[in-house]
Amino acid sequence: MSAQENKEKMRRLLEEAFGEGKTQLVDELLHSDFVCYDPNSEAGEIRGAETIKGEIEYFHSAVPDLSWRVVDQIAEGDKVVSRWEASGTHQGEFFGVPGTGKRLEMSGIQIDRFDEESGKVVEEWPEYDLLGAMKQIGAIPESQQTGS
C-alpha cells in the first residue's frame, strides 16, 4: 500500500467510522489484532476491532451529532500521522457525566501503523485533549488561580 492510500484509509476511519458512526468500516480498515495504546484507557490499551466498534457507538450515544474532521496528515512507510478535530453536543453519558446539552470540541493527534500484508491498521498511539472536553461539559471546574 502506498502512503497516500494509507492516509485515505485513516481519513475514512476517522471521518466516516468515528465521525459518521459507520461501524461497518472497522472490519475493512482495522486488523483483527488491532491495538490502540490509549493514554485515557484504564488498561492503557484498547484491543480488537469489535472493541473499537463499541467505542464508536459509545461516542455517538454521548454525542449524537458528533463530527470528526482530519485537519492534517503526514505519511511515511507504514505509518500515518493524523491531526484531527471532533465536535458535537453532549447529550448522553460521557465518561460518567450525564448529558449536559453543552457543545464540546476536542482535538488530537495520532500515529497509526499499517500491516503491510493486509493493508489494515494494526497499531495506534493517540494523544487527545480529554481534559479540555471534560472542562467544556462542566465535569472538571476551571482552575481559579489567585495571584500572590
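Residues numbered from 1 in each chain as written. Predicted model: local features only at pLDDT ≥ 70, side-chain atom pairs only at ≥ 80, totals over all residues. Heavy atoms only, no water.

*Asks:* Please set out the sheet that holds strand β6 (residues 121-128) residue by residue, giving values where relevant.
*Replies:* Spatial ordering of the open sheet is given by β2-β1-β6-β5-β4-β3, a layout of six strands whose pairing is mixed. The strands lining the two open edges of the sheet, one partner per strand, are β2 (46-47) and β3 (67-76). As judged from the 11 bridges shared by strand β4 (residues 79-89) and strand β5 (residues 103-114), these two strands associate in the antiparallel manner. Within the sheet, the bridge partner assigned to T89 lies in β5 and is R103. Contacting β1 (30-36), β3, β4, β5 and β6, helix α1 (residues 3-20) runs over the sheet at an angle of about 165 degrees to β3. (Pairing = 2+ DSSP bridges. Helix = DSSP H or I, 4+ residues; strand = E, 2+ residues; numbered from the N terminus. Contact = heavy atoms within 4.5 Å. Axes fitted to C-alpha atoms, helices over the stretch in contact; angles between N-to-C directions.)

*Asks:* A description of the packing of aromatic side chains should follow, citing residues and the corresponding values.
*Replies:* All told, the structure shown has nine aromatic pairs when counted by the stated rule. Taking 5.3 Å as the distance between ring centres and 50 degrees as the angle between the ring planes, the aromatic pair formed by F18 and W68 counts as tilted. Taken as a pair, F18 in helix α1 and W68 in strand β3 lie far apart in primary sequence, 50 residues in all. Since its relative accessible area comes to 10%, W68 is described here as buried. Taken together, a centroid distance of 4.8 Å and an interplanar angle of 90 degrees make the contact between F94 and F95 edge-to-face. Using a relative accessible area of 35% as the deciding quantity, one classes F95 as partly exposed. (Phe/Tyr/Trp six-rings, centres within 6.5 Å; stacked < 30°, edge-to-face > 60°. Buried < 20%, exposed > 50% of the residue type's maximum accessible area, 1.4 Å probe, protein only.)

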